[in-house]
Amino acid sequence: MRTRPLKVALLGCGVVGSEVARIMTTHADDLAARIGAPVELAGVAVRRPSKVREGIDPALVTTDATALVKRGDIDVVVEVIGGIEPARSLITTAIAHGASVVSANKALLAQDGAALHAVAEEAGKDLYYEAAVAGAIPLIRPLRESLAGDKINRVMGIVNGTTNFILDKMDSTGAGYQEALDEATALGYAEADPTADVEGFDAAAKAAILAGIAFHSRVRLDDVHREGMTEVTAADFASAKNMGCTIKLLAICERAADGGSVTARVHPAMIPLTHPLASVRGAYNAVFVESDAAGQLMFYGPGAGGSPTASAVLGDLVAVCRNRLAGATGPGESAYAALPVSPMGEVVTRYHISLDVADKPGVLAQVATVFAEHGVSIDTVRQQGRQDGDGEASLVVVTHRASDASLNGTVEALRSLDTVRGVASIMRVEGE
Ligand code: HSE
């Protein structure tokens, strides 16, 4: 074993960074044996230097992250700051000064992954980011390496623990969105400002990264269609139950049927209770992958939290250190397929539409005609007259597979009918 240690600079020492430092110390001998050389924490860049950080030598702590990554003797920079800047500048500066990089930064990779990969490749350094998607769950390496000989057609996952916790609560207790969110906040699952999670931004960044890797193409955050889950109601869950389904916030990346393009989207959707993703409870994550040769695979585990995310960071650190000792680099960006990303209108799926309609002769026929005129085939219709005798009824229509554009045209036309008093909800049905 080499005795000269590989030097690691840690950018950020919050929930994840402090766990990375702790595991580097407590597992030092095992890490050294697995890598073939010891790893040494050579510096820790933080915003608040006065904070006491157990197990970290105060002499290593600095507020000058730029000086740390410019030192020139750093082998690996671990970036767990998050956000776009200063993380992007620090990563490019680190690479320019000879370091490889391990990052957990989904927002940055989803926005600027291609450019950062280009910088790393040009410099002959590694850029690894297993922790950026679904925390501890090994996902990027299986997609990039284990399935490199296969053809992935679909990646569908629950990649945000906060929203899964909220939806699971709504499902199991009948609670409304706000009540479930309040509980998630009280238990520390949801941030004080939960926008990134509940509006689907966090999941969309992860979807962009997964789609790019799965389809060997460039997919950026802006390419991902995004709908949050704040409008999901207890009534939606009741409808889902009627259909033998539950509701999940899904990130779905698909290759088009003709293979000529891909789509990536995040939105709430009904999935059958028999689908493996339906059994993912609480704040857990899971990703369901469908490929030509392997068939169906599911990756499951904790998608957030200091220690699970640090596990993924440490796995990357070991891989990058091994590469450095071998004088090699691991797989970088693979975007050779260069498949374009199709707009949401071209996505084909099934829909559950709940309408408030006038309860009188001919209404059902009128509604069915609108679906037919837009080429959307109806699978089932369920009508329920209201007890209050106000001459209105609830009509639930479940369609066969149709394009999002056709469905939108249908809904627009339905809204213009006098007999349709309102469109209570529209939800996609996936996983059948
Ligand atoms: N906020 C994310 C979640 C974890 O709830 O899953 C970090 O991506």
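Residues numbered from 1 in each chain as written. Predicted model: local features only at pLDDT ≥ 70, side-chain atom pairs only at ≥ 80, totals over all residues. Heavy atoms only, no water.

1. Overview of the packing of helix α4 (residues 87-96) against helix α5 (residues 106-123)
Argument step 1. Where α4 meets α5, the closest approach of the two axes is 10 Å, and the angle between their N-to-C directions is 10°. In terms of their interaxial angle, α4 and α5 are classed as roughly parallel. Crossing of α4 over α5 shows right-handed handedness. Counting all contacts with α4, which are made through A87, R88, I91, T92 and I95, the residues of α5 involved are L108, Q111, D112, L116, V119, A120 and A123.
Argument step 2. A breakdown of the residues in the contact of α4 with α5 according to their chemical character gives eight nonpolar, two polar and two charged. (Axes fitted to C-alpha atoms, helices over the stretch in contact; angles between N-to-C directions. Helix = DSSP H or I, 4+ residues; strand = E, 2+ residues; numbered from the N terminus. Parallel < 35°, antiparallel > 145°, perpendicular 65-115°, else oblique. Left-handed = near helix turned anticlockwise from the far one by under 90°. Contact = heavy atoms within 4.5 Å. Nonpolar A, V, L, I, M, F, W, Y, C, P; charged D, E, K, R; others polar.)

2. Some details on the site of the ligand
Argument step 1. Around the ligand sit K106, N160, G161, T162, D197, D202, K206 and A304, and those are all the residues in its vicinity.
Argument step 2. Residue T162 places a side-chain N or O atom 2.6 Å away from an oxygen atom belonging to the ligand.
Argument step 3. Within the side chain of D202, an N or O atom sits 2.9 Å from an oxygen atom of the ligand.
Argument step 4. Notes on the ligand: free accessible area 260 Å², of which the protein chains cover 80%. (Near = heavy atom within 4 Å. Polar contact = N/O pair within 3.5 Å; in protein donor to acceptor, adjacent residues only side chain to side chain. Areas by Shrake-Rupley, 256 points an atom, 1.4 Å probe, with all protein chains shown as cover.)

3. Comments concerning the packing of aromatic side chains
Argument step 1. Tallied over the full model, the rule gives two aromatic pairs.
Argument step 2. Between the aromatic rings of Y284 and Y300, the centroid separation amounts to 5.2 Å while the plane-to-plane angle is 5°, which identifies the pairing as stacked. You can see Y284 sitting in strand β11 (residues 284-291) and its partner Y300 sitting in strand β12 (residues 295-302), a full 16 residues away along the chain.
Argument step 3. Using a relative accessible area of 38% as the deciding quantity, one classes Y284 as partly exposed.
Argument step 4. On the basis of relative accessibility, which here comes to 47%, the residue Y300 falls in the partly exposed class.
Argument step 5. The positively charged end of R226 is found above the aromatic ring belonging to F201, 3.8 Å away from the centroid. (Phe/Tyr/Trp six-rings, centres within 6.5 Å; stacked < 30°, edge-to-face > 60°. Buried < 20%, exposed > 50% of the residue type's maximum accessible area, 1.4 Å probe, protein only. Lys NZ or Arg CZ within 6 Å of the ring centre and 35° of its normal.)

4. Re the nonpolar core
Argument step 1. The biggest cluster of nonpolar side chains holds 76 residues, and the ones touching the most others in it are V77, I166 and I209.
Argument step 2. At eleven residues, helix α10 (residues 201-215) tops the list of elements feeding residues into this core.
Argument step 3. Split by domain, this core shows at least three residues from each of two domains, domain 1 (6-135 + 307-326) and domain 2 (144-302).
Argument step 4. Sequence-distant contacts of V77, that is, excluding residues within four places in its chain, are made with A9, L11, V69, A94, A99, S100, V101 and V102.
Argument step 5. Among the nonpolar cores identified, the runner-up in size contains 33 residues, and V8, L10, V78 and Y128 belong to it. (Core = buried A, V, L, I, M, F, W, Y, C linked by side-chain atoms within 4.5 Å. Domains from an automatic or database assignment.)

5. With respect to the side chain of S342
Argument step 1. By the secondary structure assignment, S342 is in the loop between α12 (306-326) and β13 (348-358).
Argument step 2. A polar contact is formed between the side chain of S342 and the side chain of S261, at a distance of 2.8 Å.
Argument step 3. Engagement of the side chain of S342 in a polar contact is seen with the side chain of E346, the distance being 3.3 Å.
Argument step 4. The residues contacting S342, other than those within four sequence positions of it, are S261, V262 and T263.

6. Thoughts on the domain arrangement of the protein
Argument step 1. For the protein, the assigned domains are domain 1 (6-135 + 307-326), domain 2 (144-302) and domain 3 (344-429).
Argument step 2. Between the C-alpha centres of domain 1 and domain 3 the distance comes to 52 Å.

7. Overview of the side chain of S261
Argument step 1. Take S261: it is sitting in the loop between β9 (245-255) and β10 (262-272).
Argument step 2. If we ignore the near neighbours within four places in the chain, the residues touching S261 are E254, R255, A256, L339, P340 and S342.

8. Concerning helix α7 (residues 161-173)
Count 3.6 residues to each turn of an α-helix, and residues three or four apart come out pointing the same way.
Argument step 1. Under the 1.5 Å per step criterion, the end-to-end length of α7 is 18 Å for 13 residues, consistent within 8% with the ideal 18 Å.
Argument step 2. Here α7 lies mainly inside the structure; ten of its 13 residues are buried.
Argument step 3. All of the buried residues in α7 are G161, T162, T163, N164, F165, I166, L167, D168, M170 and D171.
Argument step 4. Next to the buried residues of α7 lie β7 (152-158), α8 (177-186), α9 (195-198), α11 (234-242), β9 and β11.
Argument step 5. Its side-chain oxygen 3.2 Å from the backbone nitrogen of T162, N160 forms the N-cap of α7.
Argument step 6. Phi for G174, located one or two positions after α7, is positive at around 80°. (Expected span 1.5 Å × (residues − 1).)

9. Concerning the pairing of β9
Argument step 1. Of all the eleven residues making up β9, eleven are buried; the element is thus mostly covered by neighbouring parts of the structure.
Argument step 2. Direction of pairing for β7 relative to β9: antiparallel, over a ladder of four bridges. Bridge assignment links G157 to a residue of β9, and that residue is A251.
Argument step 3. Relative to β10, β9 runs antiparallel, the two being bridged by eleven bridges. Residue pairing across strands places L250 opposite H267, the latter belonging to β10.
Argument step 4. Between β9 and β10, which pair antiparallel and follow one another directly, the connecting turn spans six residues, one of which, G259, has a positive phi of 75°. (Pairing = 2+ DSSP bridges.)

10. Notes on the environment of L10
Argument step 1. In this structure, L10 sits in strand β1 (residues 6-11).
Argument step 2. Considered as a pair, L10 and H27 are 17 residues apart in the sequence and their alpha carbons are 17 Å apart.
Argument step 3. Apart from residues lying up to four places away in sequence, L10 is in contact with G17, V20, A21, L41, G43, V44, A45, L68, V78 and V80.

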